[in-house]
Amino acid sequence: MASQDHASTSDYSASDYNQIAAFVYSDEYTAPILSLLKPSIGERIVDFGCGTGELTLRIQEAVGASGLTVGIDYNNDMISKALVNGVRHAYASDLQNIQIPTPVLENSFDAVFSNAVLHWCKENPRGVLDGAKRLLKVGGRFVCEMGGFMNCIGVRMGLHQAVKRRGYEPGKMDPWYFPTIEEYQGLLQSAGFRVNTISLVPRLTPLLDGGLRGWLQLFARQTFLKEFSDQDAAAIIDEVVEICEVDMKDKEGNWALMYVRLRFLATIDGP
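Worth saying up front: this structure is predicted, and the values here are computed from it rather than measured.

Regarding its fold elements, the chain presents 10 helices and seven strands. The 271 residues of the chain split such that 55% are buried. Of the contacts formed within the chain by residues at least 6 apart in sequence, a portion of 79% connects residues at least 24 apart.

Here we come to the sheet that holds strand β5 (residues 136-147). Strands sit in the order β3-β2-β1-β4-β5-β7-β6 across an open sheet of seven strands; the sheet is mixed. Two strands in the sheet have a free side with no partner beyond their single neighbour: β3 (89-92) and β6 (194-207). Across the sheet, the axes of successive neighbouring strands diverge by a mean angle of 15°, strand direction being ignored. When strand β1 (residues 44-48) meets strand β2 (residues 68-73), the two strands line up parallel, connected through five bridges. If you follow Ile 45 over to β2, its bridge partner there is Thr 69. Here helix α5 (residues 125-135) sits on the sheet in contact with β1, β4 (109-115) and β5, set at roughly 145° to β5.

We now examine the confidence of the model for the chain. When pLDDT is averaged along the chain, the result is 90, and 89% of the positions lie at 70 or above. Below pLDDT 50 for its whole length, residues 1-10 participates in 59 contacts with residues either more than four positions away or in separate chains. Segment residues 16-23 is flagged for pLDDT under 50; beyond a separation of four residues in sequence, or across chains, it makes 28 contacts in the model.

Here we come to the nonpolar core. Among the nonpolar cores identified, the biggest contains 34 residues, and Phe 48, Leu 118, Phe 142, Tyr 184 and Phe 193 are the most heavily contacted of them. Taken together, the elements giving at least two residues each to this core come down to β1, β2, β4, α5, β5, α8 (181-190), β6 and β7 (255-267). Beyond its immediate chain neighbours, meaning those up to four positions away, Phe 142 contacts Val 112, Leu 118, Leu 129, Ala 132, Leu 136, Leu 188, Phe 193, Phe 264, Leu 265 and Ala 266. Among the nonpolar cores identified, the runner-up in size contains 29 residues, and Trp 120, Leu 216, Phe 224 and Ile 237 belong to it.

Geometrically, a packed helix pair is captured by the angle between its two axes and the distance between the axes. Where helix α6 (residues 155-165) contacts helix α10 (residues 230-248), the two axes come as close as 9 Å, and the packing angle between them is 145°. As for how α6 packs across α10, the hand of that crossing is right-handed. Contact residues: α6 offers Val 155, Met 157, Gly 158, Leu 159, Gln 161, Ala 162 and Arg 165, while α10 offers Ile 236, Glu 239, Val 240, Ile 243, Cys 244 and Met 248. Its residues placed into classes, the contact of α6 with α10 shows nine nonpolar, two polar and two charged.

Turning our eyes to something else, we now look at a nonpolar patch on the surface. There is a patch of nonpolar side chains on the surface, built from Phe 149, Met 150, Ile 153, Leu 204 and Met 258 and spanning about 470 Å² of accessible area. Mapped onto the elements, Leu 204 comes out in strand β6. By relative accessible area, which is 54% here, Leu 204 ends up exposed.

With that settled, the discussion passes to the pattern of salt bridges. Scanning the model with the defined rule gives 15 salt bridges in all. Across the pair Arg 203 and Glu 145 runs a salt bridge, and its minimum N-O distance is 3.9 Å. Note that Arg 203 is positioned in strand β6 and Glu 145 in strand β5, a separation of 58 residues in sequence. Across the pair, Glu 145 and Arg 203 agree in class, each one buried. Here Arg 166 and Glu 239 are joined by a salt bridge, their closest N and O atoms 3.0 Å apart. With Arg 166 in the loop between α6 and α7 (170-173) and Glu 239 in helix α10, the pair connects residues that are 73 residues apart, well separated along the chain. Taking the relative accessible area as the measure of exposure, Arg 166 reaches 29% and is therefore partly exposed. For Glu 239, a relative accessible area of 15% gives the class buried. Among the charged side chains, a network of salt bridges with common partners joins Glu 145, Arg 203, Arg 261 and Arg 263.

Now for the packing of α5 against α8. In contact at an axis separation of 10 Å, α5 and α8 are set at 45° when each is read in the N-to-C sense. What the angle tells us is that α5 and α8 run oblique. Our pair here, α5 against α8, has a crossing hand that is right-handed. Residue-level inspection shows Pro 125, Arg 126 and Leu 129 of α5 in contact with α8, the latter providing Tyr 184, Leu 187, Leu 188 and Ser 190. Within the contact of α5 with α8, the residues separate by chemical class into five nonpolar, one polar and one charged.

The next subject is α6. Where α6 is concerned, the buried positions are Val 155, Gly 158, Leu 159, Ala 162 and Val 163. The buried residues of α6 occupy an angular sector of 125° when the element is viewed end-on, so they sit on one face. Facing away from the buried surface of α6 by more than 90 degrees, the exposed residues are Lys 164 and Arg 165. Looking at the buried residues of α6, the elements they touch are α7, α9 (211-219), α10 and β7. The positive-phi residue at the C-terminal boundary of α6 is Gly 167, with phi of around 90°.

Conventions adopted
- Residues numbered from 1 in each chain as written.
- Predicted model: local features only at pLDDT ≥ 70, side-chain atom pairs only at ≥ 80, totals over all residues.
- Heavy atoms only, no water.
- Helix = DSSP H or I, 4+ residues; strand = E, 2+ residues; numbered from the N terminus.
- Buried < 20%, exposed > 50% of the residue type's maximum accessible area, 1.4 Å probe, protein only.
- Contact = heavy atoms within 4.5 Å.
- Pairing = 2+ DSSP bridges.
- Axes fitted to C-alpha atoms, helices over the stretch in contact; angles between N-to-C directions.
- pLDDT = per-residue confidence, 0-100.
- Core = buried A, V, L, I, M, F, W, Y, C linked by side-chain atoms within 4.5 Å.
- Left-handed = near helix turned anticlockwise from the far one by under 90°.
- Nonpolar A, V, L, I, M, F, W, Y, C, P; charged D, E, K, R; others polar.
- Patch = residues over 30% accessible without salt bridge, like charges linked within 9 Å, V, L, I, M, F, W, Y side chains within 5 Å.
- Areas by Shrake-Rupley, 256 points an atom, 1.4 Å probe, with all protein chains shown as cover.
- Salt bridge = Lys/Arg side-chain N within 4 Å of Asp/Glu carboxyl O.
- Parallel < 35°, antiparallel > 145°, perpendicular 65-115°, else oblique.
- Arc of directions from axis to C-beta.

See the structure below:
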C-alpha cells in the first residue's frame, strides 16, 4: 500500500492519506492482488511501500509467527503509524535505492509485494527491480499492482494543460510513471525476472471524501504542483476540477476517477 514519490510524497501525512485514500487498501480493491500473492504460513515477505501497514498486517497474520513480514516505505510518518498499528518490522528507505537494516536479509525472502506504489518511482524504476531481486531467494516471486498506461486519464491531462499554460514543462513536473505492459515486461526481464503474468486492469474508482479536489490536494499538491505557491496551486486545482467535471462528476455530485492498474507476478529463476 503506498506512499512513495519518494522525494515528494513524504510531504503528506498518514492521517491525510487514510482520510482521502483509504480505498487504496480496501478489501474490494486489494482482494485480487492478495490472491495473486497467496501468502502462507512460514513465508518471508517484504512489502514495498507499506504505508500505514493495513495490507502488511494482513500478510503478517497470514505468514504467522514462524514467518517474517517486513514493511518498507520512504515516508517516516507512514512507518511510525505502521509500527503503532502492529507491523513488527518496518523501515524507512527509498525503494529506488533500498537500504536494508542488515545484509542477512538479502536473498532470503519468498516474496516481494507491492500495492499502489511503484508508479511513484519515476526517477529509477529499474532500481526498484534490482532491490527486489537482491532481497528474493531463488524461486522467489514479485507480486505487484501499480498505476499503468492510461491511469488517471483526464485528470493528468488537465494538470499538464494547466501547468503548460503557465509556461512550465509538465513532463518534468509530472511525478508519475504509468508504463505499458510491453515496457514494464521488458524492464522486468532485463532485471532478471521471468514474467509469469502481467495485465492492465481498468477500475472505476469513486472519490468519496473530498471529491477530485481532495484527491488533487493529497496526490498532486506536494508532487506535481510542489513548485507553485499555495495561491497558484489552488488556482491550478480549481482549473483542473472545472476541466474534469464534465466527465468525472455525475448528476448527484459524486466524483469518480478511472484507474488502470498494471498487475503482475514475476519470479526469480535459478542460474
